[in-house]
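# Report on the structure
As a plain string of letters, each chain reads:
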Amino acid sequence: MPHTDLIDVVTHEHQVVETLFEELEGHKGHAEGRKDLSDHVIAELVRQWVAEEQFVYPAARKALPNGDELADRQLHQHNEAEAIMKELEKQGPESPHFEQHLADLMDSVRHHMSDEEAHLLPQMREQCREEELEDLGFKVLEAKKYAPTRPHPNAPDKPPANLILGPGAGFIDKIRDAVTGREV
């Protein structure tokens, strides 16, 4: 099994998202391809967050003295950003609100990633055994393969419901993506 340390996996995912954000910022004012890139960012975030909600936050609740508080804060941040994603999903660059929603999403997600890296991940590193972190990282990577690609702000974000419904929503999203030609 390749190196799958949870902290490395999550920080790598954050770097991928930041790179996509920088690409979006670099092409501001250029409508061509902007909707596709926005959709790609949304799909990447949704897959990442579904995997975190399935495995990381439940582990934090068990392992950390303040795990419930940290997990609830992360879930709240996910829900706020997913509401913005849902609005962006309906819009294109020609919409008068598209750029503002995109800027709001990037601000929200950057705050979330910073919060995770400053608070949640260091405590997970401190409180969890290396084997646990490897196992969690592997589970996150595997869950991303079957996770939804579109925001579902009202979907369950805690086990066991999210473990049951997440792959089904992912399957449906992948069909919708194929039918509509959405590349993610």
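See above for the structure.
What you are looking at is a predicted structure, and each value in this text was computed from that prediction instead of being measured.

Reading guide: rules and limits
- Note that residues are indexed from 1 along each chain, following the sequence as it is written.
- Predicted model: local features are reported for residues with pLDDT of at least 70 only, side-chain atom pairs are reported and counted for 80 or more only, and whole-chain, interface and lining totals are derived from all residues.
- To obtain the side-chain values, all non-hydrogen atoms of the structure were used and water was disregarded.
- Counting from the N terminus, the helices are DSSP H or I runs at least four residues long and the strands are E runs at least two residues long.
- When checking whether two residues touch, look at their non-hydrogen atoms; a contact exists if any pair is within 4.5 Å.
- Using the Shrake-Rupley algorithm and a 1.4 Å probe, accessible areas are obtained, with residue cover drawn only from the displayed protein chains.
- A helix is expected to reach a length of 1.5 Å times the quantity of its residues less one.
- Each residue is placed in one exposure class: buried if its accessible area under a 1.4 Å probe, protein chains only, is under 20% of its type's maximum, exposed if it is over 50%, and partly exposed if it falls in between.
- Geometry is summarised by axes, namely lines fitted to C-alpha atoms with helices restricted to the contacting stretch, and by angles between N-to-C directions that run from 0 to 180 degrees.
- Just so you know how the angles are binned, under 35 degrees is roughly parallel, over 145 roughly antiparallel, 65 to 115 roughly perpendicular, and the rest oblique.
- If you view the pair so one helix is near and one far, a crossing is left-handed when the near helix is turned anticlockwise from the far one by less than a right angle, and right-handed when it is turned clockwise.
- In this classification, the charged set is Asp, Glu, Lys and Arg, the nonpolar set is Ala, Val, Leu, Ile, Met, Phe, Trp, Tyr, Cys and Pro, and all remaining amino acids, among them Gly, are polar.
- Polar contacts, as used here, are pairs of N or O atoms within 3.5 Å; protein pairs need one atom able to donate a hydrogen and one able to accept it. Residues neighboring in sequence count only if both atoms are side-chain atoms.
- Salt bridge criterion: a side-chain nitrogen from Lys or Arg within 4 Å of a carboxyl oxygen from Asp or Glu.
- Directions from the helix axis toward the C-beta atoms define the arc.

Here we come to the overall build of the protein. On a plain count of helices and strands, the protein comes out with six helices and zero strands. Each helix (α) and strand (β) of the protein, taken in turn from the N terminus, gives the series α-α-α-α-α-α. A fraction of 79% describes how many contacts in the protein between residues 6 or more apart in sequence connect residues 24 or more apart. Carbon and sulfur atoms make up 55% of the accessible area of the protein, which totals about 9,300 Å².

This next bit is on helix 5 (residues 130-146). With 17 residues, helix 5 extends 25 Å from end C-alpha to end C-alpha; this agrees with the ideal 24 Å at 1.5 Å per step. Residues of helix 5 that are buried include every one of Leu133, Glu134, Leu136, Gly137, Val140, Ala143 and Lys144, and no others. Considering only its buried residues, helix 5 is in contact with helix 1 (6-26), helix 2 (34-63) and helix 4 (98-127).

Let us look at the packing of helix 1 against helix 2. The interhelical angle for the contact between helix 1 and helix 2, taken along N-to-C directions, is 160°, at an axis separation of 10 Å. The angle between the axes of helix 1 and helix 2 places the two elements in the roughly antiparallel class. Taken as a pair, helix 1 and helix 2 cross one another with a handedness that is left-handed. Contacts from Leu6, Val10, Glu13, His14, Val16, Val17, Leu20, Phe21, Glu23 and Leu24 in helix 1 reach Arg34, Leu37, Ser38, His40, Val41, Glu44, Leu45, Gln48, Glu52 and Val56 in helix 2. The class makeup of the residues in the contact of helix 1 with helix 2 is eleven nonpolar, four polar and five charged.

Next up on the list: the side chain of Gln74. Within the secondary structure, Gln74 sits in helix 3 (residues 67-89). The exposure class assigned to Gln74 is buried, which follows from its relative accessible area of 0%. Within polar-contact distance, the side chain of Gln74 engages the side chain of His112 at 3.0 Å.

Summed over the entire model, instances satisfying the criterion amount to 18 salt bridges. Residue Arg110 is joined to Glu18 by a salt bridge in which the shortest nitrogen-to-oxygen separation is 2.7 Å. Pair noted here: Arg110 is in helix 4 and Glu18 is in helix 1, with a separation of 92 residues, a long-range link. Between Asp68 and Arg61 there is a salt bridge whose closest N-O contact spans 3.2 Å. Accessibility expressed as a relative area gives 23% for Arg61, which makes it partly exposed. The network of salt bridges with shared partners includes Glu13, Glu44, Arg47 and Lys144.

It is worth spelling out helix 1 at this point. With 21 residues, helix 1 extends 30 Å between its outermost C-alpha atoms, agreeing within 8% with the 30 Å of an ideal straight helix rising 1.5 Å per residue. Along helix 1, the positions that sit buried rather than exposed are Leu6, Ile7, Val9, Val10, Glu13, His14, Val17, Leu20, Phe21 and Leu24. Angularly, the buried residues of helix 1 cover 165° about the axis, an arc narrow enough to put them on a single face. Opposite the buried face of helix 1, at more than 90 degrees from it, the exposed residues are Gln15 and Gly26. Taken together, the buried residues of helix 1 touch helix 2, helix 4 and helix 5. The opening residue of helix 1, the one whose side-chain oxygen lies 3.1 Å from the backbone nitrogen of Ile7, is Asp5.

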